[in-house]
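# Fold and geometry: a report
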Amino acid sequence: MDVSRPRCSLWREMVLVANLLACGILQTSGQISIVPFIGIEGYWSMLNLENTPEDVQEYSWHRGVNDNEGNTIVSYKPLSNSWQSGPMFSGRENVTSKGHLKITESMLNDTGNYTVRVDVSNGTQRATSWLEIREQESNPSISTNTTSVVEYMDSVAAFCHTNATNITWYVNGILVSSNDLMTISPDGKTLIIHKVSRYDRILQCALESILGFLQRSEQIFLTVAYGPDSVWLSSDPSNFNDILYTELGSKVEMKCISTSFPRPKYRWIHNGSLLSISEANITFPSLTWEQMGRYRCIVENPVAQLTMYREARIQTRPQYIPIIRRDFQISGPLVVFLIVMTVLGGVYLCGILVYMIRHFSIRCVMP
């Protein structure tokens, strides 16, 4: 709702103050007063009293600045708990137990001055105020420059069509404001998401009415292409470090798992040759020798223009050659024999050494 249109602008409030001053009804402390109210066509409106005395005999509400009988809307006597309608009563007005005037299903022609006369035991007090009924602003509409985007590559601009200025924006139902990821124009009518993510799916604008409730536009749903983020290759039997150990003749299943939108395309390559399989999974009911080797699963998102792959190798379990360990043992007598032979050998070598020393010594002494 546009609260800044000329008929609802500051001049109206100035007229209200001028009327109050002209009638001499600007209240001093302790004097009853009426709180001005701005309502919306079709909703209830309330003129509340302030500084109401405790010993009230009767509340009498009137249309206009005078409290004559011809302008009476409705009156209420608290002591007897009784109401009396007057010539200006339309069937939509009522006085509460506190003396407030409530009008249901407010109409544009309800706009104007209202006067209350409060009779107390020691006299009468009067107050006048202004009631403004405005047309309800229609709900805003919304449009975007596109609804199909690629994550982190494209931006989107949304436009809120309304004459109001108090516009708010919602992404996935959450109130947003300008930040590093999005910008709201100074007039609030344009929202730009600079790099759309997969979580920016629902856009909506709203405006706050003078009664405090939100009037929302319809929702716009974005189609965001993303992924694949990664590729994981699951298998049965399970693979370890991308190696799947199995036996010839056994059943083997492999499946590519990825997160992507829209649904990606799949390709399989076996030992460098492209297979005619376009599904996420591949199954060998009875594995043959020709089906051994390296497999590559390629996941492609043509909309997001992203491609990733994962590889695994199918092979038989390695054959281990057993190692025979023989313990070397020496019996007790053999140990004694070896010790004796070692000692004798040492004595023999010493004898040879002594002989050689004496022999060379004698030769050196002779002339």
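Figured I'd write up the structure that's included with this text. Fair warning: this is a prediction, and the values are worked out from it, not measured in the lab.

### Things to note about the sheet that holds strand S4 (residues 56-63)
As summarised here, the arrangement of the 6 strands in space is S2-S10-S9-S4-S5-S6, forming an open sheet in which the pairing is mixed. Strands at the two margins of the open sheet, each flanked by one partner only, are strand S2 (37-40) and strand S6 (82-85). Adjacent strand axes in the sheet meet at a mean angle of 20 degrees, parallel and antiparallel pairs treated alike. Where S4 and strand S9 (residues 112-120) come together, 7 bridges link them in antiparallel fashion. Note that in S9 the partner of His-62 across the bridge is Thr-115.

### Concerning the packing of aromatic side chains
By the definition in use, this model includes 5 aromatic pairs. Measuring from ring centre to ring centre gives 6.4 Å for Phe-37 and Trp-44, while their planes differ by 20 degrees; the resulting arrangement is stacked. For Phe-37, a relative accessible area of 18% gives the class buried. Directly above the ring of Trp-44 sits Lys-102, whose terminal nitrogen or CZ lies 5.7 Å from the centroid. Across the ring face of Tyr-309, the terminal group of Arg-296 is positioned such that the distance to the ring centre comes to 4.0 Å.

### Comments concerning unusual backbone geometry
Cis rather than trans, the peptide bond between Asp-236 and Pro-237 has omega equal to 5 degrees. With respect to the helices, strands and loops of the structure, Pro-237 is situated in the loop between strand S22 (231-236) and strand S23 (243-246). Here the residue pair Phe-261 and Pro-262 is connected by a cis peptide bond, since its omega of -5 degrees sits within 30 degrees of zero. With respect to the element layout, Pro-262 can be found in the loop between strand S24 (252-258) and strand S25 (265-270). The phi torsion at Glu-105 lies on the positive side, around 45 degrees, for a residue other than glycine. Relative to the elements of secondary structure, Glu-105 occurs in the loop between strand S8 (101-103) and S9. The exposed category is assigned to Glu-105, whose relative accessible area is 55%.

### A few points about the sheet that holds strand S7 (residues 93-95)
The 4 strands lie next to each other as S1-S3-S8-S7, forming an open sheet whose pairing is antiparallel. Each having just a single partner strand, strand S1 (33-35) and S7 make up the two edges of the open sheet. Sheet twist, expressed as the mean angle between neighbouring strand axes with direction ignored, is 20 degrees. Relative to S8, strand S3 (residues 45-50) runs antiparallel, the two sharing 3 bridges. Paired with Ser-45 across the bridge in S8 is Ile-103.

### Notes on the nonpolar core
Of all hydrophobic cores here, the largest spans 21 residues; its most connected members are Leu-47, Trp-61, Leu-101, Tyr-114 and Val-116. For this core, the secondary-structure elements that each account for two or more residues are S3, S4, strand S5 (72-77), S8, S9 and strand S10 (123-134). Broken down by element, the residue count for this core peaks at 4 residues, all from S9. Setting aside residues no more than four positions away along its own chain, Val-116 makes contact with Ile-32, Ile-34, Leu-49, Ser-60, Trp-61, Gln-125, Arg-126 and Ala-127. Of all hydrophobic cores here, the second largest spans 19 residues; its members include Cys-160, Met-182, Ile-184 and Leu-222.

### Quick word on the side chain of His-62
Positionally, His-62 belongs in strand S4. By relative accessible area, which is 0% here, His-62 ends up buried. Of the polar contacts made by the side chain of His-62, one reaches the side chain of Thr-72; its length is 3.2 Å. With residues up to four places along the chain from it excluded, the contact list for His-62 reads Asp-67, Asn-68, Asn-71, Thr-72, Ile-73, Asn-113, Tyr-114, Thr-115 and Arg-117.

### Observations regarding the state of the cysteines
Under the defined criterion, the tally for this structure stands at 2 disulfides. At a sulfur-sulfur separation of 2.1 Å, the disulfide partner of Cys-160 is Cys-205. What sets the handedness of the Cys-160 and Cys-205 disulfide is the S-S torsion sign, and at about 75 degrees it is right-handed. With Cys-160 in strand S13 (residues 156-161) and Cys-205 in strand S18 (residues 202-208), this pair connects stretches of sequence that are 45 residues apart. You'll find Cys-160 and Cys-205 in the same group, each marked buried. With its sulfur 1.7 Å from that of its partner, Cys-256 forms a disulfide with Cys-297. Taken as a pair, Cys-256 in strand S24 and Cys-297 in strand S28 (residues 293-301) lie far apart in primary sequence, 41 residues in all. For the protein, the disulfide bridges join cysteines in the arrangement 1-2, 3-4, where the cysteines are counted in sequence order.

### A word on the pattern of salt bridges
The final tally for this structure, using the stated rule, is 12 salt bridges. Notably, a salt bridge pairs Asp-110 with Arg-92, separated by 2.9 Å at the nearest N-O pair. With Asp-110 in the loop between S8 and S9 and Arg-92 in the loop between S6 and S7, the pair connects residues that are 18 residues apart, well separated along the chain. On the basis of relative accessible area, Asp-110 is assigned to the buried category, the value being 4%. Residue classification places Arg-92 among the buried positions, given a relative accessible area of 14%. Taking the shortest distance from any N to any O, the salt bridge between Arg-198 and Glu-151 comes out at 2.9 Å. Remark: Glu-151 occurs in the loop between strand S12 (148-150) and S13 and Arg-198 occurs in the loop between strand S17 (190-193) and S18; sequence separation between them is 47 residues. Note on accessibility: Arg-198 and Glu-151 belong to one class, buried. Each of Asp-67, Arg-117, Asp-119 and Arg-126 takes part in a single network of salt bridges with overlapping partners.

Rules used throughout
Residues numbered from 1 in each chain as written. Predicted model: local features only at pLDDT ≥ 70, side-chain atom pairs only at ≥ 80, totals over all residues. Heavy atoms only, no water. Pairing = 2+ DSSP bridges. Helix = DSSP H or I, 4+ residues; strand = E, 2+ residues; numbered from the N terminus. Axes fitted to C-alpha atoms, helices over the stretch in contact; angles between N-to-C directions. Phe/Tyr/Trp six-rings, centres within 6.5 Å; stacked < 30°, edge-to-face > 60°. Buried < 20%, exposed > 50% of the residue type's maximum accessible area, 1.4 Å probe, protein only. Lys NZ or Arg CZ within 6 Å of the ring centre and 35° of its normal. Core = buried A, V, L, I, M, F, W, Y, C linked by side-chain atoms within 4.5 Å. Contact = heavy atoms within 4.5 Å. Polar contact = N/O pair within 3.5 Å; in protein donor to acceptor, adjacent residues only side chain to side chain. Disulfide = S-S within 2.5 Å. Salt bridge = Lys/Arg side-chain N within 4 Å of Asp/Glu carboxyl O.

Read these as layout, nothing more, since geometry by itself doesn't imply function.
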